[in-house]
Amino acid sequence: MSQSIEVLNLRTQRDFQYVIKMENQMKGLRTKFKQIEDDRKSVMARNFQELKEKMEELKPLIPVLEQYKTDAALISHFKEEIRNLSAVLTSIQEELGDYDYDQLYQRVLRLDGQLRRCMGKLTCGKLMKITGPATIKTSGTRSNRVWYMDSYTNSKIVREYKSMEDFVAGAVSRTYSLPFKWEGTNHMVYNGSLYYNKYQSNIIVKYSFDSGSVLAQRALEYAGFHNMYPYTWGGFSDIDVMADELGMWAVYATNQNAGNITWNTEYSKRNAGEAFMICGTLYITNSHMSGAKVYYAYSTKTSTYEYTNIPFHNQYFHISMLDYNARERALYAWNNGHQVIFNVTLFHIIQTDDDES
């Protein structure tokens, strides 16, 4: 629980500082905006409109600021509870019997439940910023095991590494030979199984690393494959399997949807650089080359979209895989033979108990 508290504290403090910075910018803009209102004849109309638009962009941050302050106080309360419990447990070691174990245990359970509810409210958010990348290896993940699939077609070999250190050192733990070749680069390991696009088909294969066998196969009806509707870079990237906080997703295009990405997004798959899901929202980049940015966001919850402008550093100039890891809150990318990780900043709307009832 102490580790979870620390992670939650770091995330909240980071986002809180971000909001405070935005608030300071807003105060400065208000002052400047008032000066312009007082003497708008002396200012060009274009500059006035730019400042007005900037104010509109920052307005949504105002009602959330107090929620962050409230949440920061809640975390401080949790930390104090942890310190108190630690002191009680230390005393118990010295004087067994002076405390009611069952009562203490119930107190721990209540605190754990409060902590989990609080972290649940901070899980999802709107993408605001992408920073990095950090280069892991030139030829990735921060989890216990790493699986490596080289090339985007005509291969069946998956290499497993016990840790990131082993991956960087090239120390292979196990090698798996899949029953079918894959195509594309948008595969995923989820709950111990590998999900990948079967070569020259619109079939997704679920392969168990534990049993070394295929658990299921499913065809995505009408889905384009084998460079019918790939991302801008090609590479048989027609079908993109991904996951976020809500579960698994498959992103693809069909003839019935005029080559646009499914869920009727009206965004052409061939014009998308890469895509990833965060909290049920599909984010699409406008390119896989230098100058790429997150350009489009589609909410599966509301079936609405918006155009965005979230740049990120395409350090090695050619991205052929970009996926979100909800557990690490990071984007993993294959960038011109380099495995890199981007950190993301999410804008949280903290749900209160009143909102839930």
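Here, the structure is the one placed above.
Attention here is on the structure that accompanies the text. (Residues numbered from 1 in each chain as written. Predicted model: local features only at pLDDT ≥ 70, side-chain atom pairs only at ≥ 80, totals over all residues. Heavy atoms only, no water.)

**Considering a nonpolar patch on the surface**
Stage number 1. On the surface, a cluster of nonpolar side chains totalling about 340 Å² of accessible area is made up of Tyr295, Tyr305 and Tyr307.
Stage number 2. By the element assignment, tyrosine 295 lies in strand 13 (residues 293-299). (Patch = residues over 30% accessible without salt bridge, like charges linked within 9 Å, V, L, I, M, F, W, Y side chains within 5 Å. Areas by Shrake-Rupley, 256 points an atom, 1.4 Å probe, with all protein chains shown as cover. Salt bridge = Lys/Arg side-chain N within 4 Å of Asp/Glu carboxyl O. Helix = DSSP H or I, 4+ residues; strand = E, 2+ residues; numbered from the N terminus.)

**Here we look at the side chain of aspartate 323**
Stage number 1. By secondary structure assignment, the location of aspartate 323 is in strand 15 (residues 319-325).
Stage number 2. It is lysine 269 that comes nearest to the buried, bridge-free aspartate 323 among opposite-charge side chains, at 11 Å. (Buried < 20%, exposed > 50% of the residue type's maximum accessible area, 1.4 Å probe, protein only. Lys, Arg positive; Asp, Glu negative; His and termini not counted.)

**Section: the pairing of strand 12 (residues 281-285)**
Stage number 1. When you tally the buried positions in strand 12, you get five out of five residues, the bulk of the element.
Stage number 2. Going residue by residue along strand 12, you find Thr281, Tyr283 and Thr285 tucked away on one face and Leu282 and Ile284 tucked away on the opposite face as well.
Stage number 3. Bridge count between strand 11 (residues 275-278) and strand 12: four bridges; the pairing is antiparallel. Bridged to phenylalanine 276 within strand 12 is tyrosine 283.
Stage number 4. Where strand 11 folds back on strand 12, the antiparallel hairpin that results is connected by two residues, among which cysteine 279 adopts a positive phi of roughly 55 degrees.
Stage number 5. Pairing of strand 12 with strand 13, which is carried by five bridges, proceeds in the antiparallel orientation. The residue bridging threonine 285 from the neighbouring strand is valine 294, located in strand 13. (Pairing = 2+ DSSP bridges.)

**Some words on the nonpolar core**
Stage number 1. Ranked by internal contacts, the top residues of the largest apolar core, which has 21 residues, are Leu127, Ile130, Phe276, Ile278, Val294, Leu331 and Phe342.
Stage number 2. With four residues, the top contributor of residues to this core is strand 17 (residues 338-347).
Stage number 3. Excluding residues within four positions of it along the chain, leucine 127 makes contact with Phe276, Ile278, Tyr283, Val294, Ile310, Val344, Thr345 and Leu346.
Stage number 4. Counting 14 residues, the second largest nonpolar core, distinct from the first, contains Tyr231, Met242, Met277 and Tyr298. (Core = buried A, V, L, I, M, F, W, Y, C linked by side-chain atoms within 4.5 Å. Contact = heavy atoms within 4.5 Å.)

**Quick notes on unusual backbone geometry**
Stage number 1. With omega at 10 degrees, the peptide bond leading from glycine 132 into proline 133 counts as cis.
Stage number 2. Within the secondary structure, proline 133 is located in strand 1 (residues 126-138).
Stage number 3. At cysteine 279, a position not held by glycine, the phi torsion is positive, near 55 degrees.
Stage number 4. The buried category is assigned to cysteine 279, whose relative accessible area is 15%.
Stage number 5. Not every positive phi belongs to a glycine, and serine 303 is a case in point at roughly 55 degrees.
Stage number 6. The partly exposed category is assigned to serine 303, whose relative accessible area is 44%.

**Quick look at the pattern of salt bridges**
Stage number 1. Inspection of every chain in the model, using the stated rule, returns two salt bridges.
Stage number 2. Linking glutamate 306 and lysine 126 is a salt bridge whose minimum nitrogen-to-oxygen distance equals 3.2 Å.
Stage number 3. Classification of glutamate 306 by relative accessible area gives partly exposed; the value is 36%.
Stage number 4. Using a relative accessible area of 40% as the deciding quantity, one classes lysine 126 as partly exposed.

**Let's talk about the sheet that holds strand 8 (residues 213-219)**
Stage number 1. In spatial order, the strands read 5-6-7-8; together these four strands make up an open sheet with antiparallel pairing. Two strands in the sheet have a free side with no partner beyond their single neighbour: strand 5 (188-190) and strand 8. Across the sheet, the mean angle from the axis of one strand to that of its neighbour is 25 degrees, orientation sign disregarded. (Axes fitted to C-alpha atoms, helices over the stretch in contact; angles between N-to-C directions.)

**A look at the sheet that holds strand 3 (residues 153-161)**
Stage number 1. Pairing in this open sheet of three strands is antiparallel, and the strands run 2-3-4 from one edge to the other. Whereas interior strands pair on both sides, the edge strands pair on one side only; in this sheet they are strand 2 (146-148) and strand 4 (174-183). Each strand of the sheet is rotated relative to its neighbour by a mean of 25 degrees, with strand direction disregarded.
Stage number 2. Here strand 3 runs beside strand 4; their pairing, made up of six bridges, is antiparallel. Residue pairing across strands places threonine 153 opposite glutamate 183, the latter belonging to strand 4.

**Some remarks on the packing of aromatic side chains**
Stage number 1. Per the stated rule, a full pass over the model turns up 16 aromatic pairs.
Stage number 2. Between tyrosine 207 and phenylalanine 209 the ring centres are 5.9 Å apart and the planes differ by 85 degrees, which places this aromatic pair in the edge-to-face class. Note on accessibility: tyrosine 207 and phenylalanine 209 belong to one class, buried.
Stage number 3. Between tyrosine 295 and tyrosine 307 the ring centres are 5.3 Å apart and the planes differ by 55 degrees, which places this aromatic pair in the tilted class. One end of the pair, tyrosine 295, is in strand 13; the other, tyrosine 307, is in strand 14 (residues 304-311), with twelve residues separating them in the sequence.
Stage number 4. Judged by relative accessible area, tyrosine 295 falls into the partly exposed class, the value being 32%.
Stage number 5. Taking the relative accessible area as the measure of exposure, tyrosine 307 reaches 52% and is therefore exposed. (Phe/Tyr/Trp six-rings, centres within 6.5 Å; stacked < 30°, edge-to-face > 60°.)

**Here we look at the environment of asparagine 255**
Stage number 1. For asparagine 255, the location among the structural elements is in the loop between strand 10 (247-251) and strand 11.
Stage number 2. The exposed category is assigned to asparagine 255, whose relative accessible area is 51%.
Stage number 3. Taking the C-alpha atoms as reference points, asparagine 255 and tyrosine 222, 33 residues apart in sequence, are found 7.0 Å from one another.
Stage number 4. Beyond its immediate stretch of four places on either side in the chain, asparagine 255 contacts Tyr222, Met228 and Tyr229.
Stage number 5. A polar contact of 2.4 Å, which involves the side chain of asparagine 255, links it to the side chain of tyrosine 229. (Polar contact = N/O pair within 3.5 Å; in protein donor to acceptor, adjacent residues only side chain to side chain.)

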